[in-house]
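# Remarks on the overall topology
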Amino acid sequence: MSEIDELVEKFRSKLLKEQECQKYKDEVATPVINKIFNENFVSVFKNLSEELNNKLGAQVIGFQQEGTNRFTIQGKYHRVIFQRGKVEFAGGIINVSIIPVYIWKGVTKHLGPISIIINPETSYFEFDLSSDNIKVYSKNLFSNLVDDNDFFV
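I will try to describe carefully the structure that is included in this document.

How each quantity is defined
- Residues numbered from 1 in each chain as written.
- Predicted model: local features only at pLDDT ≥ 70, side-chain atom pairs only at ≥ 80, totals over all residues.
- Heavy atoms only, no water.
- Salt bridge = Lys/Arg side-chain N within 4 Å of Asp/Glu carboxyl O.
- Helix = DSSP H or I, 4+ residues; strand = E, 2+ residues; numbered from the N terminus.
- Buried < 20%, exposed > 50% of the residue type's maximum accessible area, 1.4 Å probe, protein only.
- Phe/Tyr/Trp six-rings, centres within 6.5 Å; stacked < 30°, edge-to-face > 60°.

Bringing the pattern of salt bridges into the picture now. Under the defined criterion, the tally for this structure stands at four salt bridges. As a salt-bridge pair, E51 and K55 come within 3.7 Å of each other at their nearest N and O atoms. Placement of both E51 and K55 in helix α1 (residues 3-56) is noted, with a separation of four residues, approximately one turn of the helix. Exposure remark for E51: the relative accessible area of 43% places this residue in the partly exposed category. E66 is paired through a salt bridge with R70; the nearest N and O atoms lie 2.8 Å apart. Note on E66: relative accessible area 32%, which makes it partly exposed.

Note that S130 resides in the loop between β7 (124-127) and α2 (134-147). Residue classification places S130 among the exposed residues on the basis of a relative accessible area of 85%. Separated by 52 residues in the primary sequence, S130 and H78 place their C-alpha atoms 24 Å from one another.

The next thing to look at is the packing of aromatic side chains. Inspection of the entire model under this criterion finds 14 aromatic pairs. With 5.6 Å between their ring centres and 75° between their planes, F41 and F82 make a pair best called edge-to-face. Here F41, found in helix α1, pairs with F82, found in strand β3 (residues 78-90); they are 41 residues apart in sequence, far enough to count as distant. Judged by relative accessible area, F82 falls into the buried class, the value being 0%. An angle of 80° between the planes, with centres 6.3 Å apart, marks the rings of F45 and Y137 as edge-to-face.

Following this line, the structure appears as structure tokens:
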């Protein structure tokens with residue numbers, strides 16, 4: 001086999017592996033990630049903001065979803081953007097990062113990232129949080145916003 005044939009085989013092998021990875025990502029990982037992100041993360045913030053607004057009879061917290069990877073909660077001077085970030089695969093386990101960015105009167109601050117660890121074969125997932133509970137995390141975040149003296153509707 002000539003040197004060029006060996007090189008062609010190396011490239012062919014690499015391309016086949018990338019195609020298999022892309023197929024796995026498209027057919028298995030992305031649907032699972034979207035479902036968990038939307039049903040177990042985004043919906044918690046959406047439901048909490050709607051419940052607060054309904055019980056107060058006013059638009060206290062705004063909620064806006066922007067596509068499948070991003071959503072925002074906000075008051076008059078505060079805004080927290082949650083952006084789904086990098087997806088990593090290792091040994092059949094998927095790790096997805098969510099990056100919350102806090103913006104207050106034009107000043108941007110990155111809050112600690114949140115990871116979702118997913119095993120698509122068993123449908124098991126967990127959030128990398130101290131409480132491992134998104135409801136507690138979202139209530140604490142909203143509580144911190146309202147405790148801030150600059151928080152206005």
